[in-house]
Protein chains: 2
Amino acid sequence: MVTLAEVAQHAGVSASTVSYVLSGKRSISATTRQRVEESIRELGYHPNAGARALASSRSNIIALMIPLRTDMYVPVMMEIAIAVATTARTHGYDVLLLTGEEGPDAVRRVTGSGLADAMIVMDVELEDERLPLLRGTDQPSVLIGLPADTGGLTCVDLDFGATGALCVEHLARLGHHDIAVIGEAPAVYERHTGFAERTLDGLRARARELGLGVLHRPYEGGYDAMALTLGRIFDERPGTTGFVVQNEAAVEPLLALLRQQGRAVPEDVSVVAICPDQVAVQASVRLTSVAIPAQEMGRYAVEHLVAKLEGRGSDDVVLIAPELTVRASTGPAPTAP
Amino acid sequence: MVTLAEVAQHAGVSASTVSYVLSGKRSISATTRQRVEESIRELGYHPNAGARALASSRSNIIALMIPLRTDMYVPVMMEIAIAVATTARTHGYDVLLLTGEEGPDAVRRVTGSGLADAMIVMDVELEDERLPLLRGTDQPSVLIGLPADTGGLTCVDLDFGATGALCVEHLARLGHHDIAVIGEAPAVYERHTGFAERTLDGLRARARELGLGVLHRPYEGGYDAMALTLGRIFDERPGTTGFVVQNEAAVEPLLALLRQQGRAVPEDVSVVAICPDQVAVQASVRLTSVAIPAQEMGRYAVEHLVAKLEGRGSDDVVLIAPELTVRASTGPAPTAP
DNA sequence: CAGGGGCGTCGAAGCGCTTCGACAGCTTTT
DNA sequence: AAAAGCTGTCGAAGCGCTTCGACGCCCCTG
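Residues numbered from 1 in each chain as written. Chains lettered and ligands numbered in written order. Predicted model: local features only at pLDDT ≥ 70, side-chain atom pairs only at ≥ 80, totals over all residues. Heavy atoms only, no water.

1. Overview of the sheet that holds strand β1 (residues 61-66) of chain B
Stage number 1. The mixed open sheet is built from twelve strands, whose spatial order is β11(A)-β5(A)-β4(A)-β3(A)-β1(A)-β2(A)-β2(B)-β1(B)-β3(B)-β4(B)-β5(B)-β11(B). Pairing within the sheet leaves two strands with one partner each, and these edge strands are β11 (317-320) of chain A together with β11 (317-320) of chain B. Each neighbouring strand pair of the sheet contributes to a mean axis angle of 20°, computed without reference to strand direction.
Stage number 2. Pairing between strand β5 (residues 155-158) of chain B and β11 of chain B: four bridges, direction parallel. The partner of leucine 158 of chain B across the bridge, within β11 of chain B, is isoleucine 320 of chain B. (Pairing = 2+ DSSP bridges. Helix = DSSP H or I, 4+ residues; strand = E, 2+ residues; numbered from the N terminus. Axes fitted to C-alpha atoms, helices over the stretch in contact; angles between N-to-C directions.)

2. Structural notes on the nonpolar core
Stage number 1. Counting residues in hydrophobic clusters, the biggest one holds 106 residues, and the most contacted among them are Leu64 and Ile120 of chain A together with Leu64 and Ile120 of chain B.
Stage number 2. Once residues lying within four places of it in the same chain are set aside, the contact partners of isoleucine 120 of chain A are Ile62, Ala63, Leu64, Met65, Val84, Val142, Ile144, Ala301, Val302 and Leu305 of chain A.
Stage number 3. Membership of the second largest hydrophobic core comes to 38 residues, among which are Met119 and Leu131 of chain A together with Val110 and Leu134 of chain B. (Core = buried A, V, L, I, M, F, W, Y, C linked by side-chain atoms within 4.5 Å. Buried < 20%, exposed > 50% of the residue type's maximum accessible area, 1.4 Å probe, protein only. Contact = heavy atoms within 4.5 Å.)

3. Quick word on the protein's contact with DNA strand C
Stage number 1. In the region of DNA strand C, 27 residues are neighbours, and Leu4, Arg26 and Tyr45 of chain A together with Thr17 and Thr32 of chain B sit closest.
Stage number 2. Counting only atoms of DNA strand C within 4 Å of the protein, the sugar-phosphate share comes to 55%.
Stage number 3. Tyrosine 20 of chain A places a polar side-chain atom, nitrogen or oxygen, 2.6 Å from a base nitrogen of DNA strand C.
Stage number 4. Note that a phosphate oxygen of DNA strand C is positioned 2.9 Å from one of the side-chain N or O atoms of arginine 52 of chain A.
Stage number 5. Of all the secondary-structure elements, those providing two or more residues to the surface near DNA strand C are α2 (15-23) and α4 (49-56) of chain A together with α2 (15-23) and α4 (49-56) of chain B.
Stage number 6. Here the surface near DNA strand C gets four residues from one element, more than from any other, and that element is α4 of chain A.
Stage number 7. When its residues are assigned to classes, the surface near DNA strand C shows eleven nonpolar, twelve polar and four charged. (Near = heavy atom within 4 Å. Polar contact = N/O pair within 3.5 Å; in protein donor to acceptor, adjacent residues only side chain to side chain. Nonpolar A, V, L, I, M, F, W, Y, C, P; charged D, E, K, R; others polar.)

4. As for the UniProt feature "domain: HTH cro/C1-type" (unreviewed entry) in chain A
Stage number 1. Using the residue numbers shown here, the UniProt feature "domain: HTH cro/C1-type" (unreviewed entry) corresponds to residues 3-32 of chain A.
Stage number 2. Helix makes up 67% of residues 3-32 of chain A and strand 0%. Its end C-alpha atoms lie 18 Å apart. (UniProt positions renumbered as here; feature names shortened; annotations may be inferred.)

5. Describing the pattern of salt bridges
Stage number 1. Counting across every chain of the model gives 31 salt bridges over all chains.
Stage number 2. For the salt bridge of arginine 135 of chain B with aspartate 149 of chain B, the shortest nitrogen-to-oxygen distance reads 3.6 Å. Of this pair, arginine 135 of chain B sits in helix α7 (residues 131-136) while aspartate 149 of chain B sits in the loop between β4 (141-144) and β5, and the two are 14 residues apart along the sequence.
Stage number 3. By relative accessible area, arginine 135 of chain B is classed as partly exposed at 34%.
Stage number 4. Each of Arg89 and Asp94 of chain A together with Glu102 and Arg109 of chain B takes part in a single network of salt bridges with overlapping partners. (Salt bridge = Lys/Arg side-chain N within 4 Å of Asp/Glu carboxyl O.)

6. Here's the deal with the packing of α2 of chain A against helix α3 (residues 30-43) of chain A
Angle between the axes and distance between the axes are the two parameters that describe a pair of packed helices.
Residue and element names in this part refer to chain A.
Stage number 1. Packing of α2 against α3 brings their axes to within 10 Å, and their N-to-C directions diverge by 90°. Looking at the two axes, α2 sits roughly perpendicular to α3. For the pair α2 and α3, contact is made by Thr17, Val18, Val21 and Leu22 and by Thr32, Arg33, Val36, Glu37 and Ile40, respectively. (Parallel < 35°, antiparallel > 145°, perpendicular 65-115°, else oblique.)

7. With respect to the interface of chain A and chain B
Stage number 1. The interface is formed by 45 residues belonging to chain A together with 45 residues belonging to chain B.
Stage number 2. Carbon and sulfur atoms supply 68% of the area that chain A and chain B bury against each other, a total of about 3800 Å² over both sides.
Stage number 3. On the chain A side of the interface with chain B, the three residues burying the most area are His46, Met78 and Leu97 of chain A, jointly 15% of the side's total.
Stage number 4. For the interface between chain A and chain B, the tally reads four salt bridges. (Buried area = accessible area lost by both parts, 1.4 Å probe.)

8. Here we look at the protein's contact with DNA strand D
Stage number 1. Not every one of the 26 residues close to DNA strand D is listed here, only the nearest: Thr17 and Thr32 of chain A together with Leu4, Arg26 and Tyr45 of chain B.
Stage number 2. Of what DNA strand D places within 4 Å of the protein, 57% of the atoms are sugar or phosphate.
Stage number 3. The separation between a phosphate oxygen of DNA strand D and a polar side-chain atom of threonine 17 of chain A is 2.5 Å.
Stage number 4. With respect to DNA strand D, the side chain of tyrosine 45 of chain B contributes an N or O atom lying 2.4 Å from a phosphate oxygen.
Stage number 5. Of all the secondary-structure elements, those providing two or more residues to the surface near DNA strand D are α2 and α4 of chain A together with α2 and α4 of chain B.
Stage number 6. Broken down by element, the residue count for the surface near DNA strand D peaks at four residues, all from α4 of chain B.
Stage number 7. Partitioning the surface near DNA strand D into residue classes produces eleven nonpolar, eleven polar and four charged.

9. A closer look at the pairing of strand β8 (residues 242-245) of chain B
Residues and elements named next belong to chain B.
Stage number 1. Because side chains alternate across β8, one face comprises the buried residues Gly242 and Val244, and the other comprises Phe243 and Val245, equally buried.
Stage number 2. Summarising the sheet, strand β6 (residues 178-183) and β8 pair through four bridges and their orientation is parallel. Each bridged residue has a counterpart across the sheet, and for isoleucine 182 the counterpart in β8 is valine 245.
Stage number 3. In this sheet, strand β9 (residues 270-274) lies alongside β8 in parallel orientation, the contact comprising four bridges. Residue pairing for β9: phenylalanine 243 is matched across the bridge by valine 271.
Stage number 4. Between the parallel pair β8 and β9, the chain is carried across by helix α12 (residues 251-260), and the sense of this crossover is right-handed. (Right-handed = clockwise from strand over helix to strand, strands pointing away.)

10. Quick look at helix α12 (residues 248-260) of chain A
Residue and element names in this part refer to chain A.
Stage number 1. When α12 is considered as a whole, its buried residues turn out to be Ala250, Val251, Glu252, Pro253, Leu254, Leu255, Ala256, Leu257 and Leu258.
Stage number 2. Its side-chain oxygen placed 3.0 Å from the backbone nitrogen of alanine 249, asparagine 247 serves as the N-cap of α12.
Stage number 3. Looking one or two residues past α12, glycine 262 carries a phi angle of roughly 75°, positive in sign.

Right, here's the structure in full:
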């Protein structure tokens, strides 16, 4: 293993000079710099991460806590993780992958050991156990998602309230009057992850303003469950012509059953989905949808942390404005026969 | 920040004693151990990762290189990543997330800097640029996937050859004679990732032995593309009654179009998928499938590395035997009318 | 009862790097 | 012409931990 000292010797300078060449924290003459860089290349030198971390009390690592469960939004999680990793690298940081399993202990461990300089927390619950710890440490962190109390925290998320509103607005503009919302599994609502409720609240509020009727049904299970759900929706509100789906697993069953019941999409009913673009594009009808801006959130989180670590930046909550992409699943409401 | 020295002082022992309590590398009397542990708890001590890494030249970190592209097997990647992270934790390791983007440079950086003690590499290509580096370092590594030359490397993967064979066997036993394989996108075959070819080879060999006809079609695109593909398959081999699908994106289009053409699954045609269980279960027909043992591979990789780091274990290639789960998409071949 | 051998503990020497103060040799200012 | 200020470099002090050799103590053996 090549050390700083060896590089210094090879270049005929002192160790500190090499260090300053590497960090750029003091000015170095062009000739010296070149000589050192040459030596580094020639010897194939890589600074030792541990020594660096010890001496500078900076690990150049950002911790990313992803949820353990793989039942929801997997592609989104993955996309965020990848965006975080690539963005971090462009700023000279590496990413440590933590699972939600350890919970608050992971936060304690990472902040306590100096393993990471900062932390990104995904899958935040409304009353998350990790929040007090994050507030109590001076290590910067960003939540992806929104807890009940955001005081003293930095958060990014899609503006799910606006998303819900945007979906009804789109349907209303097309002339739809009765709207059904196919939501996440009941467990998601019970877990109080927040985003599901926020969507619904935003959607309902806007629907009320626009004078639309809304029926909300959580969904879980297979085709049978969807058949049941649909049956009940049309029993209760036969005039339902607009659907908002916030549940990846519900997309195909919904489309298949509508087709099977002779309700054409988008001629008879319109469907708006809240899902990753990949899902929207791969569905059997290309879905008009509001995308989850996974990349954007990942990138923002890292950039915010880097700014904080460099002494810039401050706490705040950033809600990303939803964007609705019109595809083939929405159209004008059918005129009464 | 609490240091070892402070704990030592608080407990009235020397720093080295505290260190030995922590590592267990020398025997410590029960009373001393208790006193030290008590102090650790009371002061909320966490060993500093950098100092530890520097002094012991062990970072207790395993690097995981995941592919950058998110177009294929996303849930599998995610599952592996999570399995790796959780298994690593049970052995006292953390996981560093690297994307394939950096390629060989990432390998150099990690091995050179001592950032990680070992490395797991996913999405291995047949002639992967990273292989020479992995062979050339004394840092242990495990590949998830199989390159062309496995000499001097440790690899885990599903036995895709056997998987292909298993699929035809299942269909043959049910009386099917003509089989169509819906494969990955052409790009996957061109990229020579290996697994797709291996599946096909195993499948074809077994089909030849059993006297079955096989038609292979890569698939990419939407419903239209699938309609075209299916049309050509039935034109060329009207008697096709068995399908093997190795492409997550192809599953729903295939099922939808078969349904639409009046071919009932499994009464008229049988479908076997090679995909994660989640996909098989959520499809509109619960699919008979061979699962990708993501968790098992992740766990194996970590355990192998830990063994190596502890001086046990050796290089070898482990192919996990495929397991076929019968669900609702396969049945006896229809008898000729 | 002396000598040998565990066991449990300690002190000290680094691990490879960053960073602070010092200082030599300049240039600029007064 | 002396004082002041830069610029570029160096030496040395640590960062918090691991680990090796040393050593005191007690128990066992001959």
